[in-house]
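# Report on the structure
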Amino acid sequence: MGGDFELQNGKPKFNISSHGMLDCGILYAIHIFRDSEDRLLQLGWVDEAANSRVVKQQGWAGCLAHPREIYEVSRSISEAVANQDNWNIDEEAGVMITLGIRLAPQIRGLRNNKRVFSLNTFRNIHSDNFEVYCTFKRPTRKGKFSFKVRQSPRSEEFTKIVFDLKENCITVDRLKSSLENLGTNTSDSGDFFLLPDEDLHVHFFVDNSILEIYANDRFALTSRIYPSLETSLGASYDFGVFDERNVEFECWEGLKDAWPSREEHEIKLMNSENAISEKDGVVIHEGVVAQAAVYA
């Protein structure tokens, strides 16, 4: 929420002038702090969306999302956002302000050298762990852009990420995310309005069961998926009639492990009720192991 504090009869009153969502998905328990460069960063907890049997079998539940930077976005006033509650309009200054949210710059340290610039190469991806940054130049108000991730070879399983400019929303469609219905299959969705003459900037992560989606440094959505097929490692896209020559695309496959001391595919439960290992970046609390990434 945005607004101003004032004193009334010696008591503070908060006058709300704008409001929006820090995350349109399942991220919660937000913690805010400043880093060594005085950036305002946010950490949040990614809840599970799996059924109880899956959570019991994996032996742990939930983890931290990537740290995000929050800041103030200021634009010249546009009549197109007159009815949008997330912009605080200052007529006197001629600007409108909203909360910006983007990945903390420290996240770049998780990228490796396996970087691709081709959409055709993206169709051949075979991974459950990658980052995509994509810019659609001068899209129309009817544009609709979708990516399929964690996709099986015959598309029995896939999750669709949809950026719908006509409906002003971004959606994670989980209807076919899991053949065995290991987790929730309803959609996660949030409102997103592209300003006139603004390019669409898309940034998202696929990390095993976790999806983090960002747009234009002012939208975030976190979701969980639980594919049941080991072959659900593909990806594809559908941009409709949009000219692919107006798309700038980057992808990093196989991001660095935020828990480098862990053996691959190995999870060790420990009985300590309240121990923290600063070296390994692992938090153990009441028998639950959570990945607490250490960012250099």
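A few points on the structure.

Analysis parameters
Residues numbered from 1 in each chain as written. Predicted model: local features only at pLDDT ≥ 70, side-chain atom pairs only at ≥ 80, totals over all residues. Heavy atoms only, no water. 1 Å grid on protein atoms, 1.4 Å probe; cavity = no way out; pocket = protein on both sides within 12 Å on 5 of 7 lines; lining within 4 Å. Points joined across faces, edges and corners; volume = space filled by probe spheres on them. Nonpolar A, V, L, I, M, F, W, Y, C, P; charged D, E, K, R; others polar. Pairing = 2+ DSSP bridges. Helix = DSSP H or I, 4+ residues; strand = E, 2+ residues; numbered from the N terminus. Axes fitted to C-alpha atoms, helices over the stretch in contact; angles between N-to-C directions. Buried < 20%, exposed > 50% of the residue type's maximum accessible area, 1.4 Å probe, protein only. Polar contact = N/O pair within 3.5 Å; in protein donor to acceptor, adjacent residues only side chain to side chain.

### Structural notes on empty space enclosed by the protein
- Inspection of the entire model under this criterion finds one cavity of 30 Å³ or more.
- By volume, the largest cavity amounts to about 40 Å³.
- Lining the largest cavity are Arg174, Leu175, Ser177, Ser178, Asn181, Gly183, Thr184, Asn185, Ile225 and Tyr226.
- Of the residues that constitute the lining of the largest cavity, the class distribution is three nonpolar, six polar and one charged.

### Observations concerning the sheet that holds strand β11 (residues 144-151)
- Taking strand neighbours across the sheet as the criterion, the five strands line up as β14-β13-β12-β11-β18 in an open arrangement whose pairing is antiparallel. Single-partner strands in this sheet number two, and they are β14 (188-191) and β18 (234-238). Going from strand to strand, the sheet's axes swing by 10 degrees on average, the running direction of each strand aside.

### A word on the layout of surface pockets
- Within this model, the second largest pocket holds a volume of roughly 880 Å³.
- Elements with a minimum of two residues in the lining of the second largest pocket: β1 (2-8), β6 (68-76), β8 (95-103), β14 and β17 (219-224).
- In terms of residue count, the dominant contributor to the lining of the second largest pocket is β8 (four residues).

### Examining the sheet that holds β17
- Strand order in the open sheet formed by six strands is β9-β19-β10-β15-β16-β17, with antiparallel pairing between adjacent strands. Two strands bound the open sheet, and with one partner strand each, they are β9 (115-116) and β17.
- Where β9 meets strand β19 (residues 247-253), two bridges bridge the pair, whose relative direction is antiparallel. For Arg115, the partnering residue across the bridge sits in β19 and is Trp252.

### Quick look at the pairing of β6
- Two elements, strand β4 (residues 40-46) and β6, share two bridges in a ladder whose sense is antiparallel. Residue pairing for β6: Leu41 is matched across the bridge by Glu69.
- Looking at chain direction, β6 and β8 are connected through nine bridges and run antiparallel. Note on β8: the bridge partner recorded for Arg68 is Leu103.

### So, the environment of Arg150
- Considering the arrangement of structural elements, one finds Arg150 in strand β11.
- We classify Arg150 as buried; its relative accessible area is 9%.
- A polar side-chain atom of Arg150 sits 2.8 Å from the main-chain carbonyl oxygen of Ser232.

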